[in-house]
Amino acid sequence: MCLFSFVITGGRYAVWAKEVSGSERNCSAIPPYLPPTAVNTTLRLRDLRASMIPLNISAYIIPATDAHLVTSKDCQKWKVILRGKTGTAVITQNKAVLWTDSRYWIQAERQMDCNWELQRDASIRSITNWLILEIPEGDQVGFDPFLFSVGEQTELIKYFLMTWPMKVDQIRAQISDNPYKPTAVLLSALDETAWLFNLRGNDIPFNPFFYSYTLLSMDEIWLFVHIERITEELKVYLNTSCYHSYCVQLLEYSSVRTYLQSYLQRPNVRVWVGTEYTNQALYELITPEDKHLTSTYSPVLTTKAVKDATEQRILKEAHVRDAVAVMQLLMWLEKKVPEGTENELTAAHFVDQCRSKQKNSRGPSFETISASGPNAALAHYSPSNETARKLSVDEMYLVDSGGQYLDGTTDITRTVHWGKPTDFQKEAYTRVLMGNIEISRTIFPAGTRGVNMEMLGRRALWEVGLNYGHGTGHGVGNYFGVHEWPVGFQSNNIPFQEGMFTSIEPGYYKENDFGIRIEDIAVTVPATTKYGNNYLTFETVSLVPYDRKLINTSLLSPEQLHWLNKYYETIRSMVGPELERQALKEEYDWMMKHTAPFLTAGASAVISSVTLLVTVLPSVLLYNLL
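Residues numbered from 1 in each chain as written. Predicted model: local features only at pLDDT ≥ 70, side-chain atom pairs only at ≥ 80, totals over all residues. Heavy atoms only, no water.

Enquirer: Would you mind going over the state of the cysteines in detail, with residue names and values included?
Expert: Evaluation of the coordinates by the stated rule reveals two disulfides. The disulfide that involves Cys27 links it to Cys114, with 2.1 Å between the sulfurs. Judged by the sign of its S-S torsion, about -95°, the cystine formed by Cys27 and Cys114 is left-handed. Pair noted here: Cys27 is in the loop between β3 (18–19) and α1 (42–52) and Cys114 is in the loop between α4 (105–111) and β8 (116–119), with a separation of 87 residues, a long-range link. Each sulfur of the disulfide joining Cys242 and Cys247 lies 1.8 Å from the other. Torsion about the S-S bond of the Cys242 and Cys247 cystine: about -105°, corresponding to left-handed handedness. In terms of burial, Cys242 and Cys247 fall into one category: buried. (Disulfide = S-S within 2.5 Å. Helix = DSSP H or I, 4+ residues; strand = E, 2+ residues; numbered from the N terminus. Buried < 20%, exposed > 50% of the residue type's maximum accessible area, 1.4 Å probe, protein only.)

In structure tokens, the structure reads:
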């Protein structure tokens, strides 16, 4: 089976013997424009897709050709010959995509018809990420093994299943490539060891971590834990009974200082540490100066910050189920608050109960901030039996909550009013929302630091002399910490790359009166621009509507209003099927009512009455250390 073929002929493209020339295709035009060099592949794609069906193949991968592919009779009928060194095509039942590097982008746009999409990152990881996001879990992907080297096949498969030895290889590669020649890396942050070994625990409230350190060299692995808690099954998983470079040597948690000193006595060793999460007691042992290499964050933290396609997919799935729980809370409060029977604490307990009923739930990700009226002016207030304020239709209410799931960690804030908000409350809320939208919709070059975009979240507030005193966002993990560094919008955060998840959470707080915060989780994804490449934007994965009563649409720009309506369309398309699957008819109707589109800027925000298998982390093996 062959669709797309490549031959190496000096790095130029041709369609048959024709010279590539003329303009590029324009598939968005009406009608679409194709240059004379483009080839119609409609019938050939139809035939290939028909042949994939009986083989139960959802996608077929065609790599860059070699001499065998050139002479293949099957390939000869595909007369689109890309004369370049690199390129890979993937065909599904509804898409045909070509990956190639920058040398061939223009030629590809002149040669391909509108059946094809062009992806400009030609790496194996880009291809596998696309497949994971596009192909349903459990579906099969086909390719011709004669056209892949052993190394290429290994690279292709490893991004679908990141075992802990593969992660060890990733970090060792960074140790080896570092020009300052470290021989080992010391991991002190609890999520570093948990990520490296695909392990979870319960030593820390709200966080699935366990007390540990790791010292990783190019040929040895030392894990410092409470050994009595390690089961025989876990010892087998960690290869503790052997002594090669993928065998974990278990050492007592309390022995880390002694063993680190012992390692430093070896000749020509140098330990790499991330200064943000290495404690002084260990750092001061690494002497003299030539024995240590420092960076702000360890290579594990910076690697973990970029989620692969599997992590992205399952984290999005967790947010869909989490949205169900938050919608249940908001719907329940709309009914109960007018009765005068609920307070901040009962609301916090209710959302925890709603989350506990969702698949893969492992409890809250932090103590819920449930705050009404003046209590909401305290940005991180949490209610107690002594302080819990009764919820009232006369006050604004802020709820900041999150859940831990086997497939992801969530964090979302919504602010609502059940009565008649003042004009100032509506304006303040709308300007906070404008800040959230402006960051969410911005397009920026890959590698941009969050601190350089942070003011977008404040600009609408600044224009009228308002502001907030906390950060604008932080990273979030896959069944990890709800605050996961080094992602976010602060000066010490690393530049944004594709696949990073961050919160976006501007706010406003009027002392002794009310507080507003609108927080969503978003993932950085590629952005399509008219001229440039390698640009990113944010895709919001929190999927709960905002309070329409508090939105003054006359303040929104047309672009902001368009973003808001598209977001509501996304909520309907993503959360609607999950509500139906859970047979939550009332919640479904509530969701449809609260995601009715806004027509134009300045239009009324009155709500329209029109009603229109256990997922676990497949990329990792999780153990609970009890």
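Enquirer: Tell me about the packing of aromatic side chains, residues and numbers included.
Expert: A ring pair, where both rings are aromatic, is described by two values, the distance of the centres and the angle of the planes. All told, the structure shown has 23 aromatic pairs when counted by the stated rule. Relative to Tyr568, the ring of Tyr567 lies with its centre 6.0 Å away and its plane at 40°, an arrangement referred to as tilted. Each member of the pair, Tyr567 as well as Tyr568, carries the same accessibility label: buried. Three or more aromatic residues joined by ring pairs make a cluster, and in this case those are Tyr546, Trp563, Tyr567, Tyr568 and Phe598. Lying over the aromatic face of Tyr246, Arg172 brings its terminal NZ or CZ to 5.4 Å of the ring centre. The lysine or arginine in question, Arg200, covers the ring of Phe480, its NZ or CZ lying 3.9 Å from the ring centre. (Phe/Tyr/Trp six-rings, centres within 6.5 Å; stacked < 30°, edge-to-face > 60°. Lys NZ or Arg CZ within 6 Å of the ring centre and 35° of its normal.)

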